[in-house]
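Fold and geometry: a report
Spelled out from the first residue to the last, the chains are:
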Amino acid sequence: MLVLGLMSGTSADGVDAALVALSGAPPELQWRIVHLASTPYPPELRAELFACFRPESGTVDRLCALNFAIGRAFADAALNCIRAAGLRPDDVQLIGSHGQTLWHIPTGANASTLQLGEPAIIAEATGIPTIANFRTRDMAAGGQGAPLVAYVDALLFTHPTRVRTALNIGGIANFTYLPPHGPTFGLPLAASSSNAAQGNGGTRVEIAERAFAFDVGPGNMLIDDAVRRLTGGSLDYDRDGAIAARGRIHAGLLDELMQHPYLAERPPKTTGREMFGRQFGEYIWQRGIALGLSGEDIVATLSMFTAASIAQAHRAFLPRPADEVIVSGGGAHNPTLMRFLAQALANCGPNGQPVQVRISDELGMPAQAKEAVAFAVLAYETWHGRPGNLPAATGAQHPVVLGSITPGRTPPATDVLSATRQATDPTTEASNPATYNIDCLSTLEVVDLINAEDRRVALAVATQREQIAQAIDAIAKRMSQGGRLIYVGAGTSGRLGVLDASEMPPTYNASPTQVIGLIAGGPAALTGAIEGAEDNAAQGRADMAAAGVGERDCVMGIAASGNTPYVLGALAEAKARGALTLGLTCNADTPLHRTADIVIAPIVGPEVISGSTRMKAGTATKLVLNTISTGVMIKLGKTFGNLMVDVQATNNKLRARARRIVAQACHLSPEQASQLLARCNGEVKTAIVSHLAHLTPVQARTRLAKAGGVVRRAIEAKNEGDCSESPS
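So, a few notes on the structure that sits alongside this text. Please read these numbers as outputs of a predicted model, since none were measured by experiment. (Residues numbered from 1 in each chain as written. Predicted model: local features only at pLDDT ≥ 70, side-chain atom pairs only at ≥ 80, totals over all residues. Heavy atoms only, no water.)

It is worth spelling out the sheet that holds strand 11 (residues 212–218) at this point. Strand pairs in the sheet, formed through backbone hydrogen bonds, run parallel or antiparallel to each other. Strand order in this open sheet of five strands is 11-8-7-12-13, and the pairing throughout is mixed. Pairing within the sheet leaves two strands with one partner each, and these edge strands are strand 11 and strand 13 (356–359). Ignoring which end each strand starts from, the neighbouring axes of this sheet average 25° apart. Looking at chain direction, strand 7 (residues 164–169) and strand 8 (residues 172–178) are connected through six bridges and run antiparallel. When the bridges of strand 8 are listed, Asn168 appears paired with Asn174. Strands in contact with helix 5 (residues 149–157) are strand 7, strand 8 and strand 11; relative to strand 8, the strand with the most contacts, it is inclined by about 50°. (Pairing = 2+ DSSP bridges. Helix = DSSP H or I, 4+ residues; strand = E, 2+ residues; numbered from the N terminus. Axes fitted to C-alpha atoms, helices over the stretch in contact; angles between N-to-C directions. Contact = heavy atoms within 4.5 Å.)

Shown next, in the form of structure tokens:
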């Protein structure tokens with residue numbers, strides 16, 4: 001799904017737009033930035049906005065007009081980004097607009113928030129469904145409406161072993177505490193009324209329940225205010241930190257600022273312009289002048305105030321010290337501020353060591369784009385009926401679906417959600433926005449783009465780890481009772497099934513009838529297209545009958561689309577005969593899901609070349625089939641460690657392989673391994689058990705038979721019933 005995120009922060013300098021391709025669902029959400037753009041506010045609009053920030057001049061009539069004016073500015077920013085990406089508005093399925101925060105009252109009897117930028121204006125101008133007013137629903141649930149980006153931080157930046165904070169330095173500084181996840185992170189946790197909610201046909205897992213976030217205090221807001229005062233409004237911010245670099249930090253003023261009561265409040269907490277805006281900036285400026293400071297000194301002191309307050313929050317409120325701070329937002333581009341931040345965090349790491357400060361660009365997220373990307377993700381979650389707040393960050397009583405949906409221009413009698421689903425399903429047939437202009441790229445760029453898409457495949461397969469493990473155990477159980485594994489597919493899917501089946505006899509000495517591959521159109525379809533074969537459901541049923549499928553068998557239907565009639569017919573017949581049915585597809589919510597007992601569905605997203613499922617879908621299919629067949633063979637005792645001990649030495653290559661396997665398993669020289677194999681009639685398993693269990697070949701064969709052919713079980717079994725002769 002192609003979603004456009006729109007964001008204007010507390011600095012209020014313009015609209016950041018992020019066009020993001022999204023697929024899957026948390027915690028395995030897949031995302032790719034397609035295009036980024038930033039559109040400054042027109043000077044007159046920005047001046048009006050700042051006038052309305054002040055209670056004394058923000059009159060009702062001005063606010064009413066400003067709401068529509070900002071809506072038009074957001075719509076212009078959206079269209080600019082779409083055009084710059086080489087796309088049309090109807091290529092984009094959804095817009096998520098944060099709007100422009102005018103005022104925020106996080107707590108108390110009057111707790112409320114106001115973001116301007118009328119979403120109806122955006123939806124009308126672009127024709128795209130628009131989700132806005134994200135913060136209000138969290139506040140209705142008892143939260144402070146911020147920070148909402150914490151949920152996305154947890155999705156994108158959590159590290160397996162390192163404690164991180166995802167720090168955003170916009171007008172206000174906020175960060176998300178991200179503890180490392182263990183091997184179970186991202187797996188379904190026990191759902192309860194407090195940490196899960198129903199949405200989109202399933203249970204939503206609170207994927208980041210250990211993370212929390214809060215607003216630290218001022219980020220760039222006070223620095224920008226001082227710069228405007230120093231330059232008479234000719235500059236809006238300290239470009240490259242040059243002004244602060246010329247100034248000197250006044251320790252007394254810094255100590256005074258660090259006593260601000262907000263800094264000592266415990267999270268969850270949020271703040272904004274109402275506390276650290278123009279009024280507070282006026283006080284600091286006058287205080288600095290009274291102390292004899294230059295404008296540069298005031299800017300330098302305020303820059304260190306931002307850094308020091310961030311460091312103090314790290315010392316005071318984290319369960320354990322951070323290893324890394326990942327910085328995004330406009331402040332990440334201020335070298336002086338970043339230098340001050342590194343100094344302030346010098347003793348905040350584990351055991352008092354410095355914290356590593358990194359720009360989010362290093363992790364693939366442009367520093368200026370994170371919040372716009374975040375609101376694209378939050379809109380995507382809302383569209384799919386999934387909560388997008390993190391109660392540990394906002395203080396809400398429970399997770400909630402955020403925002404309100406304003407429909408775009410849709411076909412008559414068609415609801416917005418259905419129209420978008422029709423436009424995006426099946427995923428494997430959709431047009432990939434990342435490769436629209438692939439025919440205009442250099443050869444090396446084409447290679448890089450295909451490689452970048454291929455990197456998504458393994459991640460998609462990883463989301464199906466539990467289903468794959470379930471399939472392996474179920475197949476191994478039936479095969480140990482004499483059942484078979486039968487792959488059924490058409491086209492590329494069928495060929496991959498036949499390929500995997502054909503490799504089992506030479507690799508694991510499996511019987512040629514133990515794993516079977518059937519393809520629509522028969523053997524001729526392996527090298528040529530058999531028109532119409534995949535549409536013949538009756539032939540799928542007939543092939544199951546001809547194979548004599550029974551209740552001990554397992555039949556896996558392979559269909560990237562999930563709706564191939566031949567495959568569905570075969571599975572229906574197999575299920576009627578009592579077989580275990582499995583499905584492998586690269587789309588969500590397909591007919592295959594409603595036919596198979598176990599479904600494996602790695603969602604790899606649109607192909608590089610639209611509909612060419614021999615690419616990412618084919619790669620995902622091969623990875624899954626390799627994993628399943630290998631896992632089953634391991635369960636059936638076809639390996640010892642990672643050695644293929646069921647190899648049959650029928651030619652010179654396989655005899656050399658058998659010698660290497662025995663030498664490695666028994667820690668013997670090649671010559672000793674050859675001698676051992678000779679005594680055991682070339683039987684690799686017998687040779688290994690004989691040597692490691694100190695048995696004769698006859699004893700080893702007896703032990704293997706009792707152990708069902710599993711080498712490790714035979715080696716570790718007791719000697720009861722073995723012959724008494726000594727090994728030779």
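Now, onward.
One way to put it is that helix 6 (residues 221–231) packs onto helix 11 (residues 278–290) with a least axis distance of 9 Å and a crossing angle of 60°. On the basis of their axis angle, the class for helix 6 and helix 11 is oblique. The hand of the helix 6/helix 11 crossing is right-handed. Residues Leu222, Asp225, Ala226, Arg229 and Leu230 of helix 6 lie in contact with helix 11, whose contacting residues are Arg278, Phe280, Gly281, Glu282, Ile284 and Trp285. (Parallel < 35°, antiparallel > 145°, perpendicular 65-115°, else oblique. Left-handed = near helix turned anticlockwise from the far one by under 90°.)

All right, on to the side chain of Asp16 then. When you line up the elements, Asp16 lands in strand 2 (residues 14–23). It is Arg46 that comes nearest to the buried, bridge-free Asp16 among opposite-charge side chains, at 12 Å. There is a polar contact of 2.9 Å between the side chain of Asp16 and the side chain of Ser38. Once you skip the residues sitting within four places of it in the chain, Asp16 turns out to touch Gly5, Leu6, Met7, Ala37, Ser38, Gln368 and Ala372. (Buried < 20%, exposed > 50% of the residue type's maximum accessible area, 1.4 Å probe, protein only. Lys, Arg positive; Asp, Glu negative; His and termini not counted. Salt bridge = Lys/Arg side-chain N within 4 Å of Asp/Glu carboxyl O. Polar contact = N/O pair within 3.5 Å; in protein donor to acceptor, adjacent residues only side chain to side chain.)

We now examine the environment of Leu571. Mapped onto the secondary structure, Leu571 falls in helix 22 (residues 565–576). You can call Leu571 buried: its relative accessible area is 0%. For Leu571 and Ala537, which are 34 residues apart along the polypeptide, the C-alpha to C-alpha distance reads 9.7 Å. Once residues within four sequence positions are removed from consideration, Leu571 is found in contact with Val555, Met556, Gly557, Thr581, Leu582, Leu592, Thr595 and Ala596.

Those residues of helix 13 (residues 335–344) that fall on the buried side of the exposure criterion are Thr336, Leu337, Met338, Phe340, Leu341 and Ala344. Packed against the buried residues of helix 13 are strand 7, helix 7 (242–246), helix 12 (295–317), strand 12 (324–328) and strand 13. One side-chain oxygen at the N-terminal end of helix 13 lies 3.1 Å from the backbone nitrogen of Thr336; it belongs to Asn334.

Another point: the nonpolar core. Grouped together as the largest cluster of nonpolar side chains are 54 residues, with contacts concentrated most on Leu167, Leu302, Phe305, Val327 and Leu341. At twelve residues, helix 12 tops the list of elements feeding residues into this core. With near-sequence residues (within four places) excluded, Leu167 lies in contact with Asn174, Phe175, Ile310, Val325, Ile326, Val327, Ser328 and Leu341. Counting 41 residues, the second largest nonpolar core, distinct from the first, contains Leu29, Ala213, Ala374 and Ala393. (Core = buried A, V, L, I, M, F, W, Y, C linked by side-chain atoms within 4.5 Å.)

Further remarks concern the packing of helix 5 against helix 14 (residues 370–383). As a packed pair, helix 5 and helix 14 sit with axes 9 Å apart at the nearest point and diverge in direction by 95°. With respect to their mutual orientation, helix 5 and helix 14 come out roughly perpendicular. Across the interface between the two elements, Val149, Tyr151, Val152, Asp153, Leu155 and Phe157 from helix 5 touch Lys370, Glu371, Ala374, Phe375, Val377, Leu378 and Glu381 from helix 14. Within the contact of helix 5 with helix 14, the residues separate by chemical class into nine nonpolar, no polar and four charged. (Nonpolar A, V, L, I, M, F, W, Y, C, P; charged D, E, K, R; others polar.)

Glancing now at the sheet that holds strand 15 (residues 485–489). Across the sheet, which stays open at both edges, the five strands sit in the order 16-15-17-18-19 with parallel pairing between neighbours. Each edge of the open sheet is held by one strand with a lone partner, namely strand 16 (515–519) and strand 19 (598–600). The mean inter-strand angle of the sheet, taken between neighbouring strand axes irrespective of direction, is 20°. Across five bridges, the pairing between strand 15 and strand 16 is parallel. Bridge pairing in strand 16 places Leu485 opposite Val515. Set on the sheet, helix 18 (residues 465–479) makes contact with strand 15, strand 16, strand 17 (554–558), strand 18 (580–584) and strand 19; between it and strand 19 the angle comes to about 135°.

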